[in-house]
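Residue-level structure breakdown
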Amino acid sequence: MINLANSQFVKSCASKKDFLTDKKQVVFLGRSNVGKSSLINALTNNKKLVYVSSTPGRTKLISYFSIGELAYLVDAPGYGYFKDGSLDFEDMILDYFSLGPKYIKRVYLLLDSRRELTDDDKKAIELISSYGLKIRFVFTKLDKLNMSEKAKLMKRIEDNFPDISIYLTSSSKKIGLDKIISDINAAIKERD
């Protein structure tokens, strides 16, 4: 069992020539301001591993964190608010996903549990699927919903995406983290 608390930053990069391919990878992707940095910090039990900004779109590079000898946790830029003329988010993500399932064992797509899926979310789902990558939905900010809202969310997602695993999480309340950690461990153990 990999201990995510031992995660360490390795490098950030923006181009395919710099991407790492020496270990399996699990990547976290989502709309800007969905709580990706907070979730990664909660999973690794390290509040300072990934910078949490109050301004959307701060993550602009693909960042690698070593989670043991066999794998990297990868923090991808958030989509939606990303604006930087010197970097092309879409090209960077397409290049990264082209590494394929040999390296990318899971894509955890973070979605705000309080919001409907956006067009950008739907495009991300299509894009991930088109590369044959295993996708998991991670709904963040679960602590903001009441029981009725949680039930409606689950029904809506299960009706529209019956074959995708769903994780309901709250970084601040530490809800649902163990299930993601178990899935990360399962992903790393999978054979190529």
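The structure contained in this document is the topic of the report that follows. (Residues numbered from 1 in each chain as written. Predicted model: local features only at pLDDT ≥ 70, side-chain atom pairs only at ≥ 80, totals over all residues. Heavy atoms only, no water.)

Now for the packing of aromatic side chains. This model, assessed by the stated rule, comprises 8 aromatic pairs. Considering the side-chain rings of Tyr 64 and Tyr 72, the 5.4 Å spacing of their centres and the 75° angle between planes classify their relative orientation as edge-to-face. For the residue pair Tyr 64 and Tyr 72, the accessibility class agrees, reading buried in each case. Seen from their ring centres, Phe 97 and Tyr 131 are 6.0 Å apart, and the 55° between their planes marks the pair as tilted. Taken together, the residues Phe 97 in helix 2 (residues 89–97) and Tyr 131 in the loop between helix 3 (119–130) and strand 6 (135–140) connect sequence positions 34 residues apart. A relative accessible area of 27% places Tyr 131 in the partly exposed class. Among the aromatic residues, ring-to-ring pairing joins Phe 19, Tyr 96, Phe 97 and Tyr 131 into one connected group. One cation-aromatic arrangement involves Lys 23 over Tyr 72; the distance from NZ or CZ to the ring centre is 4.7 Å. (Phe/Tyr/Trp six-rings, centres within 6.5 Å; stacked < 30°, edge-to-face > 60°. Buried < 20%, exposed > 50% of the residue type's maximum accessible area, 1.4 Å probe, protein only. Helix = DSSP H or I, 4+ residues; strand = E, 2+ residues; numbered from the N terminus. Lys NZ or Arg CZ within 6 Å of the ring centre and 35° of its normal.)

A side chain of one charge can pair with a side chain of the opposite charge when the charged atoms of the two come close. All chains considered together, the criterion is met by 11 salt bridges. The salt bridge partner of Arg 31 is Asp 120, with a shortest N-O separation of 3.3 Å. One end of the pair, Arg 31, is in the loop between strand 2 (24–30) and helix 1 (36–44); the other, Asp 120, is in helix 3, and 89 residues separate them in sequence. Given a relative accessible area of 26%, Arg 31 falls into the partly exposed group. Taking the relative accessible area as the measure of exposure, Asp 120 reaches 30% and is therefore partly exposed. Lys 155 is the partner of Asp 159 in a salt bridge, and the nearest nitrogen-oxygen pair spans 2.8 Å. Of the two residues, Asp 159 and Lys 155 are both situated in helix 4 (residues 147–160); the distance of 4 residues between them amounts to about one turn of the helix. Salt bridges linked by common partners bring Arg 106, Lys 134, Arg 136, Asp 183 and Glu 190 together as one network. (Salt bridge = Lys/Arg side-chain N within 4 Å of Asp/Glu carboxyl O.)

Taken in spatial order, the 7 strands line up as 1-3-4-2-5-6-7 in an open sheet, and their pairing is mixed. Pairing within the sheet leaves two strands with one partner each, and these edge strands are strand 1 (8–13) and strand 7 (165–168). The average angle at which neighbouring strand axes cross in this sheet is 25°, direction not considered. Relative to strand 5 (residues 104–112), strand 2 is paired through 6 bridges, and the arrangement is parallel. (Pairing = 2+ DSSP bridges. Axes fitted to C-alpha atoms, helices over the stretch in contact; angles between N-to-C directions.)

So, on to the nonpolar core. Ranked by internal contacts, the top residues of the largest apolar core, which has 35 residues, are Leu 29, Tyr 64, Tyr 96, Phe 97, Leu 109 and Phe 137. Counting residues per element, the ones that place at least two in this core are strand 2, strand 3 (62–66), strand 4 (71–75), helix 2, strand 5, helix 3, strand 6 and helix 4. Among the elements that take part in this core, helix 2 stands out by supplying 5 residues, more than any other. Judged by nonpolar contacts, the second largest core, of 25 residues, contains Phe 28, Phe 65, Tyr 167 and Leu 177. (Core = buried A, V, L, I, M, F, W, Y, C linked by side-chain atoms within 4.5 Å.)

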